[in-house]
Amino acid sequence: MTESDRFVWQKLLRHFKTNDLPSLVSSRWLFTAHLLPDLQSLIEELIAPQSPELLGFHQEYEHLRMKLSDLTTPEGKCVVRLAPVQHQDIDIGEEEPYASLNNGLWLIRLDEDMPAAVMLSKFLTRDGPKVQVEIGHLPNEVGHAFAKGFLRTIQAQGKSSRYYRNKAVSFESTEFEGTHETMRVHKLPLVSRNDVVLPKATMAQLDTHIFDFVKYREELKRLGQSGRKGILLHGHPGTGKTHVIHYIAANLPEHSTILVTAEQMLNMEEYFALARVLQPCIMVFEDADLVARSREDISGQKAETRLNRLLNEMDGLGTDADIIIILTTNRLNSLEGALASRSGRVDAALEIPLPDDDCRERLIKQYGHALNFQGEALAEAVARSNGGSAAYVKEMVRRLVQRSVARGGSLVISREDVEEVFSPAEAVLPLKRHEKTERSHIIEQNDEDEGGCG
């Protein structure tokens, strides 16, 4: 770089060996920014044989889309300055984050007398962040063929991902309400079958509708059946719906998991587009009633828009899509019937029930594995926790452990200990099976992801 090289257009003049920069031809394509590490890596691999020179440039406003023509402007307020190459760390679920470019311009040569340029730029919109890839070249057939083939290759490769496949991801929010910058990778707990305490009938349903379905999916598709499936998990708060999801994700290791929250559902198209890239995958919509509430109970255009987008996107998945959609709700009766009662959207509704006597005994033993229940203490705890959720049982066991620690660390639990901990003055009374309430006690709400009947 010479002392006079302060602007991008000066570098382009020397690279293309022309004083007529406006004569350059360019082709460009837009991508979402959520798979930026995959896109950038592919670009770098494709241009590596051309010994590229990477330049950084100043982008004054993040919400304005920059084009190659902006870089060729030699005068006025909009002249673009050269700047240090800037990187942003992006979480890819590994020990080291991915060093993503904010923007970059690669100067390359297709051969000795055939210069070209590849520009990557990122900008924010209210529909989410976008990345633009633009190829600039001289007006000739060689440059045109290169640009066409280059963009076609990255479009095709954009239908897969090396960095996010087989991981659990969600979108990160930006300062714009309803938009998302990059993806966050989550480390979900490894939940084994022994960690899930549910009635045999419920476990059998999970096997049939999820694990056996995946096992036979390819054969089903060969016979003309759909490879996608919608599952609704419903039940009281604290019964362990989230725990069941962790169990499913942990035991379908070849599937990516996409986590969607209610406030992010205005960007439904982005999530389903990502699901198609990462398939086979599991899409998880927790507390679906916050978005898919019955139309009779919806107030406001925004809420109805979210519902319609969810239904439209679910309908838009082809039968060859290897996607399992799991929705959860504490309020089954408040769900929109067009979702909850429509095969093809929700194909099976599985109740995650309040634990019965056998489940509660297993839960107490599991959570209190270090305790030594004497005499009728265990049976008393099972009886007194009747009607309680898994989260409720877990909290009561914790109180038993705390009681034993407070008296010097004795791990022996007597019937009197159980009576004291489960007394009305100490315990938060569990939900009864017949009660229909939209809210549970605070313990169940806080421990929803711990439980399961498990």
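Just above sits the structure.
For every chain, the first residue of the written sequence is number 1, and numbering continues from 1 along that sequence. Selection of residues for local features in this predicted model requires a pLDDT of at least 70, selection of side-chain atom pairs for listing and counting requires 80 or more, and totals for whole chains, interfaces and linings are taken over all residues. Just so you know, side-chain values use all the structure's heavy atoms and leave hydrogens and water out.

Asks: What should I look at first to understand the overall build of the chain in this one?
Replies: Looking only at helices and strands, the chain features 15 helices and 17 strands. Relative to its full complement of 454 residues, the chain shows a buried share of 51%. Residue contacts are defined here by distance: any two heavy atoms, one from each residue, within 4.5 Å place the two residues in contact. Taking all contacts inside the chain whose residues are at least 6 apart in sequence as the whole, residues at least 24 apart take part in 74%. To measure how exposed things are, a 1.4 Å probe is used in the Shrake-Rupley method; for residues, cover is taken only from the protein chains shown. Total accessible area computed for the chain in this model is approximately 21800 Å², and 48% of it derives from carbon and sulfur atoms. Secondary structure elements are taken from DSSP: a helix is a run of H or I of four residues or more, a strand is a run of E of two residues or more, and numbering for both begins at the N terminus. Throughout this description, buried means an accessible area under 20% of the type-specific maximum (1.4 Å probe, protein chains only), exposed means over 50%, and partly exposed covers the range between.

Asks: What should I look at first to understand helix 7 (residues 241-250) in this one?
Replies: Residues that lie three or four places apart on an α-helix share one face, since the helix turns once every 3.6 residues. Most of helix 7 is tucked away, with nine of its ten residues classed as buried. Those residues of helix 7 hidden inside the fold are in contact with helix 5 (200-215), strand 11 (229-234), strand 12 (256-260), strand 13 (281-285) and strand 14 (323-329).

Asks: How should I be thinking about the environment of Arg165 in this particular structure?
Replies: Here Arg165 lies in the loop between helix 4 (141-157) and strand 9 (168-173). In this structure, the C-alpha to C-alpha distance between Arg165 and His255, residues 90 residues apart in sequence, is 7.7 Å. Ignoring anything within four residues of it in the chain, the contact list for Arg165 reads Ser160, Ser256, Val277, Leu278, Gln279 and Pro280. Throughout this description, a polar contact denotes any pair of N or O atoms lying within 3.5 Å of each other; where both atoms belong to protein, one of them has to be capable of donating a hydrogen while the other can accept it, and for residues adjacent in sequence the pair is counted only when both atoms sit in side chains. A distance of 2.8 Å separates a polar atom in the side chain of Arg165 from the backbone oxygen of Val277. A distance of 3.0 Å separates a polar atom in the side chain of Arg165 from the backbone oxygen of Gln279.

Asks: What is the right way to read the sheet that holds strand 3 (residues 82-83) from this model?
Replies: Spatially, six strands are ordered 1-8-7-6-2-3 in an open sheet, and the strand pairing comes out antiparallel. Among the strands making up the open sheet, the edge pair consists of strand 1 (25-32) and strand 3. Bridge count for strand 2 (residues 53-57) against strand 6 (residues 103-111) is three bridges, and the pairing is antiparallel. Counted as the bridge partner of Leu55 is Leu105 from strand 6. Most of the contacts of helix 1 (residues 8-16) go to strand 6, to which it runs at about 10°, and overall it touches strand 2, strand 3, strand 6, strand 7 (114-123) and strand 8 (130-137). DSSP calls a pair of strands paired once it identifies at least 2 bridges connecting them. A fitted line through C-alpha atoms serves as each axis, taken over the contacting stretch for helices, and the angle formed by two N-to-C directions is quoted from 0 to 180°.

Asks: I tried to follow the nonpolar core on my own but got confused; where do I start?
Replies: Soluble, globular proteins show a tendency: their nonpolar side chains are buried together. Side-chain atoms within 4.5 Å are what join buried Ala, Val, Leu, Ile, Met, Phe, Trp, Tyr and Cys residues into a set we call a nonpolar core. With 57 residues, the main nonpolar core has Ile43, Val133, Tyr164, Ile258, Met283 and Leu327 as its most contacted residues. The element contributing the most residues to this core is helix 8 (residues 268-278), with seven residues. Sequence-distant contacts of Leu327, that is, excluding residues within four places in its chain, are made with Ile231, Leu232, Leu233, Phe285, Ala288, Leu310, Met314, Leu339 and Val346.

Asks: Help me understand the pattern of salt bridges in this model?
Replies: Pairing is possible between side chains of opposite charge, provided their charged atoms come close. Definition used for salt bridges: Asp or Glu carboxyl oxygen within 4 Å of a side-chain nitrogen of Lys or Arg. Per the counting criterion, the structure on display carries 21 salt bridges. As a salt-bridge pair, Glu134 and Arg28 come within 3.3 Å of each other at their nearest N and O atoms. Note that Glu134 is positioned in strand 8 and Arg28 in strand 1, a separation of 106 residues in sequence. Residue Arg28 is classed as partly exposed on the basis of its relative accessible area of 39%. Among the salt bridges present, the one from Arg398 reaches Glu395, with a minimum N-O distance of 2.5 Å. Pair noted here: Arg398 and Glu395 are both in helix 13 (residues 390-406), with a separation of three residues, about one helical turn. One salt-bridge network, in which partners are shared between bridges, spans Arg217, Glu218, Lys221 and Asp322.

Asks: How should I be thinking about the packing of helix 5 against helix 7 in this particular structure?
Replies: Geometrically, a packed helix pair is captured by the angle between its two axes and the distance between the axes. The interhelical angle for the contact between helix 5 and helix 7, taken along N-to-C directions, is 45°, at an axis separation of 12 Å. If you check the angle between helix 5 and helix 7, you find them oblique. For the pair helix 5 and helix 7, the crossing hand works out as right-handed. Only Val244, Tyr247 and Ile248 of helix 7 make contact with helix 5, whose side of the interface consists of Met203, Leu206, Ile210 and Phe211. Here the angle decides the label: under 35 degrees means roughly parallel, over 145 means roughly antiparallel, 65 to 115 means roughly perpendicular, and every other value means oblique. In this scheme, a crossing is called left-handed if the near helix is turned counterclockwise away from the far one by less than a right angle; it is called right-handed if the turn is clockwise.

Asks: What's the story with the packing of helix 11 (residues 357-367) against helix 13 in this structure? I'm lost.
Replies: Contact geometry for helix 11 and helix 13: axes closest at 9 Å, N-to-C directions at 45°. One finds that helix 11 runs oblique with respect to helix 13. In the packing of helix 11 onto helix 13, the handedness of the crossing is right-handed. Facing helix 11, whose interface residues are Arg360, Leu363, Ile364 and Tyr367, helix 13 presents Ala390, Val393, Lys394 and Val397. The residue makeup of the contact of helix 11 with helix 13, split by class, is six nonpolar, no polar and two charged. Here the term charged refers only to Asp, Glu, Lys and Arg, the term nonpolar to Ala, Val, Leu, Ile, Met, Phe, Trp, Tyr, Cys and Pro, and the term polar to all other amino acids, Gly among them.

Purely spatial values, then, with no claim about function.
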